[in-house]
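# A structural walkthrough
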Amino acid sequence: MLPVIVMPTYNEIENMEKIAREILALDCGARLLIVDDNSPDGTGEEADRLASESEMVYVEHRAAKQGLGTAYKHGFQVALGMGADYIFEMDADFSHDPRYVPQMLSAIEHHEIVIGSRYVAGGGTRNWSIIRKFISRGASAYTRLLTHVKVHDTTSGFRCYRRDALERIDFSRVSASGYGFQVEMTYVCERMGFDIFELPIIFTDRRVGQSKMSKDIMWEAMWMVAGLKKKYGDLRPVGDGL
Ligand SMILES: Nc1nc2c(ncn2[C@@H]2O[C@H](COP(=O)(O)OP(=O)(O)OP(=O)(O)O)[C@@H](O)[C@H]2O)c(=O)[nH]1
Ligand SMILES: [Mg+2]
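This write-up is about the structure you can find in this document. (Residues numbered from 1 in each chain as written. Chains lettered and ligands numbered in written order. Predicted model: local features only at pLDDT ≥ 70, side-chain atom pairs only at ≥ 80, totals over all residues.)

### Re the site of ligand 1
Residues in close proximity to ligand 1 total 21 residues, the closest being Pro8, Ala71, Ala92, Ser211 and Lys212. At the level of secondary structure, the elements contributing two or more residues to the shell around ligand 1 comprise β1 (3-9), β2 (31-36) and α3 (68-81). When the residues that make up the shell around ligand 1 are grouped by side-chain class, the tally is 8 nonpolar, 5 polar and 8 charged. (Near = placed C-beta within 6 Å. Helix = DSSP H or I, 4+ residues; strand = E, 2+ residues; numbered from the N terminus. Nonpolar A, V, L, I, M, F, W, Y, C, P; charged D, E, K, R; others polar.)

Here's what the structure looks like:
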């Protein structure tokens, strides 16, 4: 069974080597696939160096910053091409503690998608300002109200997908380029009837480096969520009508 961790990076030079080493130290057979958008701070070169040292590390370079959503779509295709059975999404900034990876790997044996969730019993956030808590909780509440999804942490970017789930999704329709990507994927996966499990995680605010969150990204996500029901009105659970 081959797990591949897709990790988009933009200006993560202070985190790159450390997070890669922690993931490799898990010794769970997972390969790390870094998708770097030509970071000006040299993250891409650092990733190349790590890849030359370890056969478990792979790097995809894109010419310019094109957003989290497109980085994941690209990374998913590459991971599937590598023969991945389980495909993870994970941030480089230590908000997603690598120690959860083995737990997620155990859980994915019984579910099609595992989401590392802050908003189920046992989950939470650490070192987050009141404002960030409010925005994150508000985004999930807003999404649940407008789309009726059951997932509690709709914006979580710490996930694991089974290969066959990803293969069934029509990515040409998934259009959110920024953080809205996670919400759009949550909605699509629920509509398709996938078995989604939320594993409680403690999310820690990034220790070093800068957030790429912006007002534009938030607006994009709000508009996108409001249009989800209409956009995917035709989507039916997989297996329906068989
Ligand atoms: N390749 C690529 N990676 C990106 C892009 N934007 C963000 N990332 C990476 O995606 C991950 C999440 O981005 P963050 O800036 O940490 O966003 P966030 O976690 O919502 O914000 P913070 O809580 O402030 O850290 C990090 O590993 C970033 O380096 C992008 O446009 N392209
Ligand atoms: Mg972060």
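Picking up after the structure, the text goes on.
### Looking at the nonpolar core
Nonpolar side chains in soluble globular proteins tend to end up buried together. Formed by 61 residues in total, the largest nonpolar core has its most connected members in Ile5, Val6, Leu32, Leu33 and Ile87. Examining the composition of this core, we find that 6 residues originate from one element, helix α7 (residues 180-191), more than from any other. Dropping the residues within four chain positions of it, Ile87 is found in contact with Val4, Val6, Phe76, Ala79, Tyr161, Arg163 and Leu166. (Core = buried A, V, L, I, M, F, W, Y, C linked by C-beta atoms within 7 Å. Buried ≥ 20, exposed ≤ 12 C-beta atoms within 10 Å, placed from the backbone. Contact = placed C-beta atoms within 7 Å.)

### Re the packing of helix α5 (residues 130-147) against helix α8 (residues 215-226)
For the pair α5 and α8, the least separation of the axes is 9 Å and the interaxial angle reads 20°. Taken together, the axes of α5 and α8 are roughly parallel relative to one another. In this structure, the crossing between α5 and α8 has a hand that is right-handed. Side by side, α5 and α8 meet where Ala139, Tyr142, Thr143, Leu146 and Thr147 of the first sit next to Ala221, Val225 and Ala226 of the second. Taken together, the residues of the contact of α5 with α8 break down into 6 nonpolar, 2 polar and no charged. (Axes fitted to C-alpha atoms, helices over the stretch in contact; angles between N-to-C directions. Parallel < 35°, antiparallel > 145°, perpendicular 65-115°, else oblique. Left-handed = near helix turned anticlockwise from the far one by under 90°.)

### Focus on the sheet that holds strand β5 (residues 113-117)
Taken in spatial order, the 7 strands make up an open sheet running β3-β2-β1-β4-β7-β5-β8, and their pairing is mixed. With one partner strand each, in any of the chains shown, β3 (57-61) and β8 (196-200) form the two edges of the open sheet. Strand-to-strand twist across the sheet, computed as the mean angle between neighbouring axes with direction ignored, equals 20°. Of the pairings in the sheet, the one linking β5 to β8 comprises 5 bridges and is parallel in character. Note on β8: the bridge partner recorded for Ile113 is Ile196. (Pairing = 2+ DSSP bridges.)

### A closer look at the pairing of β5
Of all 5 residues in β5, 5 are buried, a share of seventy percent or more. The alternating pattern of β5 places Ile113, Ile115 and Ser117 and Val114 and Gly116 on opposite faces, both of which are buried. Here β5 runs beside strand β7 (residues 159-162); their pairing, made up of 3 bridges, is antiparallel. Within β7, the position partnered with Val114 by the bridge is Cys160.

### Focus on unusual backbone geometry
Non-glycine residue Asn11 carries a positive phi angle of around 55°. Residue position: Asn11 is located in the loop between β1 and α1 (13-25).

### So, the pairing of β1
In terms of residue burial, β1 counts as a mostly covered element, since 7 of its 7 residues are buried. Neither face of β1 is left uncovered, since the one carrying Pro3, Ile5, Met7 and Thr9 and the one carrying Val4, Val6 and Pro8 both have all their residues buried. Pairing analysis gives 4 bridges linking β1 to strand β4 (residues 86-89), with the strands arranged parallel. Directly across from Pro3, in β4, lies its bridge partner Tyr86. Here β1 runs beside β2; their pairing, made up of 6 bridges, is parallel. Of the residues in β2, the one forming a bridge with Thr9 is Asp36. Of the crossover connections in this fold, the one passing from β1 over α1 to the parallel β2 is right-handed. (Right-handed = clockwise from strand over helix to strand, strands pointing away.)

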